[in-house]
Structure formats: structure tokens, C-alpha cells
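Coordinate inspection notes
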Amino acid sequence: MCADCATPIRTYQYRFHPPESASYERCIGFFWCPECRVYQSQMVHVSRKLELVDVLGPLPEDERDRIRKPDHVLVAYLDSLARQGVTWEPRPAPPGLPGPPPDTDAPRRRKRGHRTAHRRWTGRPPRP
Ligand SMILES: [Zn+2]
């Protein structure tokens with residue numbers, strides 16, 4: 001609720017880290033009052049179990065860039081969508097989304113070593 005006019009606050013969040021990133025859940029959130037036309041943006045935490053709707057997704061690339069750049073243009077655009085009845089409630093993420101990276105490069109480092117020392121051979125040793 002807006003402290004000044006008691007209108008329900010509108011919100012929008014978007015992700016800017018890829019799903020493979022450990023920072024995937026750190027998102028940009030916008031909060032605004034459609035009456036007072038004031039907005040705020042801040043870092044928000046959104047579980048990776050939720051899929052955020054990218055309302056700019058269907059737009060052509062240059063159109064998206066034009067809207068996204070200054071925050072107030074984005075908020076004005078979002079607010080106009082909301083007035084048309086467009087919603088962007090987060091929904092459960094589909095299964096199979098890549099998780100956060102496992103313990104980064106530890107396994108990769110372990111692979112290197114003295115391979116020759118443990119070289120295997122095929123075939124059975126001759127029996128006496
Ligand atoms: Zn207000």
C-alpha cells in the first residue's frame with residue numbers, strides 16, 4: 001500500500017543472472033504507486049523455484065533496449081501494461097532448469113595428476 005494515497009503498490013521483478021549463475025536468485029525489483037507515480041528499485045531475492053515473467057520478452061530487441069534503459073521508462077511502460085490488465089505473477093519454474101554451479105573448479109583440478117602411475121591394462125594376466 002502506498003503511504004500517501006493507500007493505493008496498492010505495483011511490483012515487477014526481473015532476473016539479470018543466467019540460471020547457471022550462483023547469483024540467479026538476486027533480482028532487480030521495482031515498486032511503484034500508480035497514483036503518485038513514484039517508484040523505487042532495489043535488489044530482491046526471488047527463489048529459483050519461481051519463474052519470472054519477462055513482459056519485455058515478446059518485444060523486438062531494440063524496442064526492449066529502449067524501454068529497459070532508464071528505469072522510469074520501464075516503470076511507465078509496466079504501469080501502462082498493468083492498466084490494460086496485463087499481469088506478470090511469478091509461476092512455478094518448469095523442472096529441468098539448470099541449478100547453481102556445483103563447487104566450481106575443484107573436480108576439474110582433481111582430474112589432472114599422474115595418470116601414468118595408475119594406467120590400466122586390458123586382458124587378464126596369464127595364469128600359471
Ligand atoms: Zn500513492
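Residues numbered from 1 in each chain as written. Predicted model: local features only at pLDDT ≥ 70, side-chain atom pairs only at ≥ 80, totals over all residues.

1. Side note on the sheet that holds strand E3 (residues 38-45)
Taken in spatial order, the three strands make up an open sheet running E1-E2-E3, and their pairing is antiparallel. Each edge of the sheet is formed by a strand with only one pairing partner; in this case those strands are strand E1 (10-15) and E3. On average, each strand axis in the sheet is inclined to that of its neighbour by 20°, with strand direction left out of account. In this structure, E1 lies alongside strand E2 (residues 26-33), joined through six bridges in antiparallel fashion. Following the sheet pairing, Tyr14 is matched in E2 by Ile28. (Pairing = 2+ DSSP bridges. Helix = DSSP H or I, 4+ residues; strand = E, 2+ residues; numbered from the N terminus. Axes fitted to C-alpha atoms, helices over the stretch in contact; angles between N-to-C directions.)

2. A look at the confidence of the model for the protein
Per-residue pLDDT for the protein averages 84, and the proportion of residues at 70 or more is 78%. Below a pLDDT of 50 lies the segment residues 111-121, which in the model reaches zero contacts outside its immediate sequence neighbourhood of four places, other chains included. (pLDDT = per-residue confidence, 0-100. Contact = placed C-beta atoms within 7 Å.)

3. Here we look at unusual backbone geometry
Generally, phi is negative for residues other than glycine and the peptide bonds are trans, each holding for most cases. Even without glycine at this site, Ala6 takes up a positive phi of about 65°. Mapped onto the secondary structure, Ala6 falls in the segment before E1. Here Ala6 falls in the exposed class, since 9 other C-beta atoms lie within 10 Å of it. Even without being a glycine, Arg37 presents a positive backbone phi close to 55°. Inspection of the secondary structure assignment puts Arg37 in the loop between E2 and E3. (Buried ≥ 20, exposed ≤ 12 C-beta atoms within 10 Å, placed from the backbone.)

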